[in-house]
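Architecture at a glance
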Amino acid sequence: MDNFLPALVRDCLAVAHVKISRCRNRAPETVLFPVIWITDRCNLRCAMCSQWRTSHNEREMSAEQWKRFIDELADMRVRVLTITGGEPLLRDDLTEIIRYAKGRGIPAHLCTNGTLIDDRRAGLLAASGLDSVSISIDSSDPRVHNAIRGADCHSRAVDAVRSLRAASPRIRIGINCVISSRNVSGIECMVAFAEELGADQIKFDSIHTNLMHGKSLREETGKYSFCESDMPRVRQEMERLRSAIAKSRLLSNSRYFLERMAAGPGANGRHLPCYAGYVSCTVDAFGRVSCCDHMTGEKSLKNETFASIWRSPYFKSMRDGKAMPGMLLGFDPRGTQYTLFRPVHCRAMEAAIPRTRFLLRKGQPWKNMNFIE
């Protein structure tokens, strides 16, 4: 707790700078939460994702190219660098890149399905200086998880949590759980399950589309979306989940996020300013820079520096005029199913929502919330 107030003040000042920059319609001098898709390759066949179905002829960014990007980030007061994919552990140079980021003073967070983490890999990740990791587990029931992830992988994901905890008590471990019609029943059981595994947090996300998922939600995963008749059940499950989270020691989603998930289509919610391109940015496996994981950029780090892209008229045009409704449920084009969106569960939105009460109740400085997105 000795560092709590200085950390809170520092982060509040950083967010204030971002908000002032947004009001003045200019690029901030900092990017708090950059996210990199370090590879498009994946070893699973998740129902909610089309990335494994997509083949690319482009060459992924090399370790040296990622290091040049990290060098630029080091001068921009980054709070945490999130590394995701695809499955990041399919890259042999992953720990090299993490170690380089840490050497430049940048905290590193890894998003992984966990299936490639054994005791040896856990040791290498710990030695690299990795600060936190999120592992995807969609159910405490192996049958449900495996059906969603398209492989017999539940035990490997669970073992990954245990291996990381044994390798380094220092690494903060989170569980990512995607809520769909397949696993929503009894979803509150995941809170106790994460506690039993020794996790530090559990993040519930809703089935959604973004840069990773492409068109898969519409074309492939209708059975995982929610119909109008499902909504009474969803509301009951979200109420149970909110109650379980309130009683838990784990860091987790805001109450508002879960309320929006339960509210149903057409519910009135807060209209929140979007801070994509101000507080965060994304870079795909091929170096294309974008404001948000719902967009694909046109300018690449292979051809330009990040600073030139960040401050360019092109990137300014991506920032301009962005606002997203504070609603979580929307119609798919057929009008018969609901797809869940993420209004306040991305870092660009978190900047618009006061969370001090939540953070003080949990007794953690804001910097420890960085791996919740």
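Going by the structure above, here's the rest.
This one's a predicted model, so the numbers in the text were calculated from it and none came from an experiment. (Residues numbered from 1 in each chain as written. Predicted model: local features only at pLDDT ≥ 70, side-chain atom pairs only at ≥ 80, totals over all residues. Heavy atoms only, no water.)

1. Re the pairing of strand β4 (residues 132-136)
Going by this rule: Exposure classes here rest on a 1.4 Å probe applied to the protein chains alone. A residue is buried below 20% of its type maximum, exposed above 50%, and partly exposed in between. A run of H or I in DSSP becomes a helix once it reaches four residues, and a run of E becomes a strand once it reaches two; helices and strands are each numbered from the N terminus. In this description, strands pair whenever DSSP reports at least two bridges between them. For crossovers, right-handed means that the path from the first strand over the helix to the second runs clockwise, given strands pointing away from the viewer.
Taken across its 5 residues, β4 has 5 buried, putting it largely inside the fold. Of the two faces of β4, the one lined by S132, S134 and S136 and the one lined by V133 and I135 are each fully buried. Note: strand β3 (residues 108-112) against β4, 4 bridges, orientation parallel. Among the inter-strand pairings, L110 is bridged to a residue of β4, identified as V133. Handedness of the crossover is the feature at issue here: the chain leaves β3, passes through helix α4 (residues 119-128), returns alongside β4, and the resulting connection is right-handed. When β4 meets strand β5 (residues 172-179), the two strands line up parallel, connected through 5 bridges. Following the sheet pairing, S134 is matched in β5 by G174.

2. Details of the pattern of salt bridges
Quick reminder of the rule: The rule for a salt bridge is simple: a side-chain nitrogen of Lys or Arg has to be within 4 Å of a carboxyl oxygen of Asp or Glu.
Overall, the coordinates contain 18 salt bridges when judged by the stated rule. Of the charged contacts in the structure, one is a salt bridge between E29 and R311, with a shortest N-O distance of 3.2 Å. Linking E29 in the loop between α1 (4-23) and β1 (33-37) with R311 in the loop between α11 (306-310) and α12 (313-319), this pair joins segments that are 282 residues apart in sequence. On the basis of relative accessible area, E29 is assigned to the partly exposed category, the value being 41%. On the basis of relative accessibility, which here comes to 45%, the residue R311 falls in the partly exposed class. Of the charged contacts, one joins E237 and R240 as a salt bridge, the two residues approaching to 3.3 Å between their closest N and O atoms. On the criterion of helical spacing, the pair formed by E237 and R240 is a turn pair, its members being 3 residues apart in helix α9 (residues 231-247).

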